[in-house]
Amino acid sequence: MSDALPLPPTVVDRHVSIARLHGEACFDCGAVNKTLRAAGHVMVRGSTRVWRIVTCGCRRQEAAA
């Protein structure tokens, strides 16, 4: 078992789609018709709410290109 502490949520700007915050769309590209996987947590600047976000893997594909 790992003793590592979980990473703190990433702080993002207020202009984020509510669908992305609710995990209904990829946080990075906004895709809704792809398989979505857990991608971590974010907190909107000026708020205390932590949102669980998802991704379709598009960032990983861009990095490989």
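Everything quoted here is computed from the prediction, not taken from an experiment.

J.: Explain the overall build of the protein chain here, please?
T.: A count of helical and extended segments in the protein chain gives 2 helices and 3 strands. Along the chain direction, N to C, the helices and strands of the protein chain fall in the order β-α-β-β-α. In the protein chain, which comprises 65 residues, the share counted as buried stands at 23%. Partitioning the intrachain contacts of the protein chain with sequence separation of at least 6 by distance along the chain shows that 43% fall at a separation of at least 24. Surface exposure of the protein chain reaches about 5,100 Å², of which carbon and sulfur atoms provide 54%.

J.: Even after reading the chapter, I still don't get the pairing of strand S2 (residues 37–44), so can you show me in this structure?
T.: Strand residues, when the strand is regular, have side chains that alternate between the two faces of the sheet. Strand direction decides the pairing type here: strand S1 (residues 10–12) and S2, joined by 3 bridges, are parallel. Bridge pairing in S2 links Val-12 to Val-44. Two successive antiparallel strands, S2 and strand S3 (residues 50–55), enclose a turn made up of 5 residues, where Gly-46 displays a positive phi of approximately 90°.

J.: Help me understand the environment of Asn-33 in this model?
T.: Looking at the secondary structure, you find Asn-33 in the loop between helix H1 (18–21) and S2. When the C-alpha atoms of Asn-33 and Cys-56 are compared, they prove to be 9.1 Å apart, with 23 residues separating the residues in sequence.

J.: Would you take a moment to explain the packing of aromatic side chains for this structure?
T.: To describe a pair of aromatic rings, you give the distance between the ring centres and the angle between the ring planes. Summed over the entire model, instances satisfying the criterion amount to 0 aromatic pairs. For Arg-49, the ring lying beneath its charged end belongs to Trp-51, and the centroid distance is 3.9 Å.

J.: It is not clear to me how the sheet that holds S2 should be interpreted in this structure. Could you clarify?
T.: The strands that make up a sheet are held in pairs by hydrogen bonds between backbone atoms, and each pair lies either parallel or antiparallel. The sheet built from 3 strands is open, its strands ordered S1-S2-S3 with mixed pairing. Looking at which strands have only one partner, the edges of the open sheet turn out to be S1 and S3. On average, each strand axis in the sheet is inclined to that of its neighbour by 50°, with strand direction left out of account.

J.: I would appreciate a short explanation of the nonpolar core in the present structure.
T.: The nonpolar side chains of soluble globular proteins are, as a tendency, buried together. Core analysis: the biggest nonpolar cluster contains 7 residues, these being Val-12, Leu-21, Phe-27, Val-42, Val-44, Trp-51 and Ile-53. Secondary structure elements with two or more residues in this core: S2 and S3. Setting aside anything within four residues of it in sequence, one finds Val-42 in contact with Pro-9, Thr-10, Val-12, Leu-21, Phe-27, Arg-49, Val-50, Trp-51 and Ile-53.

Rules and cut-offs
Residues numbered from 1 in each chain as written. Predicted model: local features only at pLDDT ≥ 70, side-chain atom pairs only at ≥ 80, totals over all residues. Heavy atoms only, no water. Helix = DSSP H or I, 4+ residues; strand = E, 2+ residues; numbered from the N terminus. Buried < 20%, exposed > 50% of the residue type's maximum accessible area, 1.4 Å probe, protein only. Contact = heavy atoms within 4.5 Å. Areas by Shrake-Rupley, 256 points an atom, 1.4 Å probe, with all protein chains shown as cover. Pairing = 2+ DSSP bridges. Phe/Tyr/Trp six-rings, centres within 6.5 Å; stacked < 30°, edge-to-face > 60°. Lys NZ or Arg CZ within 6 Å of the ring centre and 35° of its normal. Axes fitted to C-alpha atoms, helices over the stretch in contact; angles between N-to-C directions. Core = buried A, V, L, I, M, F, W, Y, C linked by side-chain atoms within 4.5 Å.

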